[in-house]
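Breakdown of the fold
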Amino acid sequence: MFSHPEFDSHETIVFSRDAVSKLTAIIAVHNTALGPGFGGCRMWPYEDEEAALRDVLRLSRGMTYKAAICELPYGGAKSVIIGDSETDKTPAALRAMGRLVEGLNGLYIIADDVGTNLDDLAVMRQETSYTAAATAAAGQPLAVTAHGVSKALEAAAAFVLGRSDLAGLKVAVQGLGNVGMPLCRILHEHGAELTVCDIDPERLVIARREIGATVVPPGEIYGRGVDVFAPCAFGAILNDETIPRLKAKIVCGGANNQLLGPEHDRALAERGIVYVPDYLANAGGVIDFHMEHIDDTPDAVLRAVDRIGEITAEMLVRAKTNAETPLRLTDRLVRQRLDDAGAARLSSKAD
Ligand code: NAD
């Protein structure tokens, strides 16, 4: 485990199998130097255990980076339940998951993710208090991630293209799910021209009818003559094959782990494409969680998520000044914050 390519100094990894409910789950707590590990629970029928482990490790690390770059008092963690959310999700399995979280005694705060929802968290809450969305107002779905991506995109368009608003901005959105569709609606409201793709024909019909989007086949989304490419479907889509096809000047989207490898950040920069770090653009969920404890009315939450736009603007300026890519800069800042917090934790214990 310690030499796993995605291990990246995870603090705690729990593998659990509940014989009665048949729950098979992994919880990965990446780093708690800044606070308890916060992250969603993904339920997915992974091909094998290695795929589940790889996914949970990469996602929990991403959660650390989201919280740290937004200067929030949380660490990063994530969990996966191996199974089909349509057929394998039972109250007994969810309660077993709740007990597992409770056993970590606050090291991990669990939230919803692909394959789980707020109702599932309510079942887990029978066993643990360490869940997100514990308050009534938070129970209503709010497109926080899409809102954050739109703010990051606005900041990048201002910095790279000198635009004061989004009117007429050409954006290609890959994936019209929980993030991509509301992002399209927000961008459309601000006058952006949208080109979209998805593998679900019903979503394409909605995008064409309600947002006036131009629909293209999935393989053609990369080469469109647009200002911004917004990946909102899945990860690793920025790679040797796709990057040379991009005509956009900016990549800014909601998908996690967009780069196949770290070398692809350099490949984008060499083509003059500004890449807004995915974990910054899509950090809306962590800010939303933070607001549960402060003011979780929709207006207050969205205003707090606006901060993603401010941080993006600041990072783009600093990266240019330092002649480094925005990702190198944000990675460096996050690691510095984690090291400082880790050192402070150590010295306060020693006192
Ligand atoms: P989702 O499953 O709701 O949507 C994904 C969409 O992509 C679906 O409409 C699907 O049909 C489409 N798709 C699948 N394969 C495709 C392909 N080859 N080409 C084009 N479209 C394709 O997922 P989501 O919640 O919208 O999340 C999207 C991404 O954003 C994921 O990487 C996720 O990890 C990340 N993310 C989501 C959230 C959130 O709040 N939902 C938060 C942070 C990050």
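Residues numbered from 1 in each chain as written. Predicted model: local features only at pLDDT ≥ 70, side-chain atom pairs only at ≥ 80, totals over all residues. Heavy atoms only, no water.

In this structure, Val 171, Phe 229 and Leu 238 are the most contacted members of the largest nonpolar core, which totals 85 residues. The greatest single-element share of this core, amounting to seven residues, is contributed by helix 4 (residues 144–161). A domain-level breakdown of this core finds at least three residues from each of domain 1 (12–62 + 74–134) and domain 2 (144–334). Leaving out residues up to four positions away in the same chain, Val 171 has contacts with Leu 153, Leu 187, Ala 192, Glu 193, Leu 194, Thr 195, Val 226, Val 228 and Ala 230. (Core = buried A, V, L, I, M, F, W, Y, C linked by side-chain atoms within 4.5 Å. Buried < 20%, exposed > 50% of the residue type's maximum accessible area, 1.4 Å probe, protein only. Helix = DSSP H or I, 4+ residues; strand = E, 2+ residues; numbered from the N terminus. Domains from an automatic or database assignment. Contact = heavy atoms within 4.5 Å.)

Note: strands within a sheet are paired through backbone hydrogen bonds, in either parallel or antiparallel orientation. Taken in spatial order, the five strands of this open sheet run 1-2-4-3-5, and their pairing is mixed. Both edges of this open sheet fall to strand 1 (12–17) and strand 5 (108–112), since each of them pairs with a single strand only. Taken pair by pair, the neighbouring strands of this sheet meet at an average axis angle of 20°, ignoring direction. Across six bridges, the pairing between strand 1 and strand 2 (residues 24–31) is antiparallel. Bridge pairing in strand 2 links Thr 12 to Val 29. Sheet strands in contact with helix 2 (residues 91–103) are strand 1, strand 2, strand 3 (37–44), strand 4 (75–82) and strand 5, and its direction is about 30° off that of strand 2. (Pairing = 2+ DSSP bridges. Axes fitted to C-alpha atoms, helices over the stretch in contact; angles between N-to-C directions.)

Their axes nearest at 8 Å, the elements helix 4 and helix 11 (residues 307–322) cross at an angle of 35°. Pair helix 4 / helix 11 crosses with right-handed handedness. Every residue of helix 11 that contacts helix 4 at Gly 148, Lys 151, Ala 152, Ala 155, Ala 156 and Phe 159 is listed here: Ile 308, Gly 309, Thr 312, Ala 313, Leu 316, Val 317 and Lys 320. In terms of residue class, the contact of helix 4 with helix 11 is made up of eight nonpolar, three polar and two charged. (Left-handed = near helix turned anticlockwise from the far one by under 90°. Nonpolar A, V, L, I, M, F, W, Y, C, P; charged D, E, K, R; others polar.)

In the contact formed by helix 10 (residues 298–305) and helix 11, the axes pass within 4 Å of each other and the chain directions differ by 5°. Taken together, helix 10 and helix 11 sit at an angle that is classed as roughly parallel. Here Arg 303, Ala 304 and Val 305 of helix 10 lie close against helix 11, whose contacting residues are Arg 307, Ile 308 and Gly 309. Residue composition of the contact of helix 10 with helix 11, grouped by class: three nonpolar, one polar and two charged. (Parallel < 35°, antiparallel > 145°, perpendicular 65-115°, else oblique.)

A few words now on the side chain of His 290. Locating His 290 in the fold gives a position in helix 9 (residues 284–292). Those residues in contact with His 290, other than ones at most four positions away along the chain, are Leu 72, Pro 73 and Tyr 74.

Here helix 6 (residues 201–211) has its buried residues at Leu 204, Ala 207 and Ile 211. Along the axis of helix 6, the buried positions cluster into a sector of 85°, meaning they face one direction only. Of the residues in helix 6, the exposed ones pointing more than 90 degrees away from the buried face are Pro 201, Glu 202 and Arg 209. On its buried face, helix 6 is in contact with helix 5 (180–189), strand 7 (193–197) and strand 8 (214–215). Sitting at the head of helix 6, Asp 200 places a side-chain oxygen 2.9 Å from the backbone nitrogen of Glu 202. Two residues or fewer after helix 6 comes Gly 212, characterised by a positive phi angle close to 65°. (Arc of directions from axis to C-beta. Polar contact = N/O pair within 3.5 Å; in protein donor to acceptor, adjacent residues only side chain to side chain.)

Let us now look at the domain arrangement of the protein. According to the domain assignment, the protein contains domain 1 (12–62 + 74–134) and domain 2 (144–334). Across the contact, 10 residues belong to domain 1 and 10 residues belong to domain 2. Looking only at domain 1, the three residues that lose the most surface to domain 2 are Phe 38, Arg 58 and Tyr 74, adding up to 61% of its buried area. Between the two partners, domain 1 and domain 2, sit zero salt bridges. (Buried area = accessible area lost by both parts, 1.4 Å probe. Salt bridge = Lys/Arg side-chain N within 4 Å of Asp/Glu carboxyl O.)

The environment of the ligand is made up of 20 residues, and the closest members are Thr 145, Val 179, Asp 198, Arg 203 and Asn 256. Contacts to the ligand include Arg 42, whose side-chain N or O atom sits 3.2 Å from an oxygen atom. The backbone of Gly 254 places a nitrogen or oxygen atom 3.2 Å from an oxygen atom of the ligand. When isolated, the ligand has an accessible area of 820 Å², and the protein chains bury 76% of it. (Near = heavy atom within 4 Å. Areas by Shrake-Rupley, 256 points an atom, 1.4 Å probe, with all protein chains shown as cover.)

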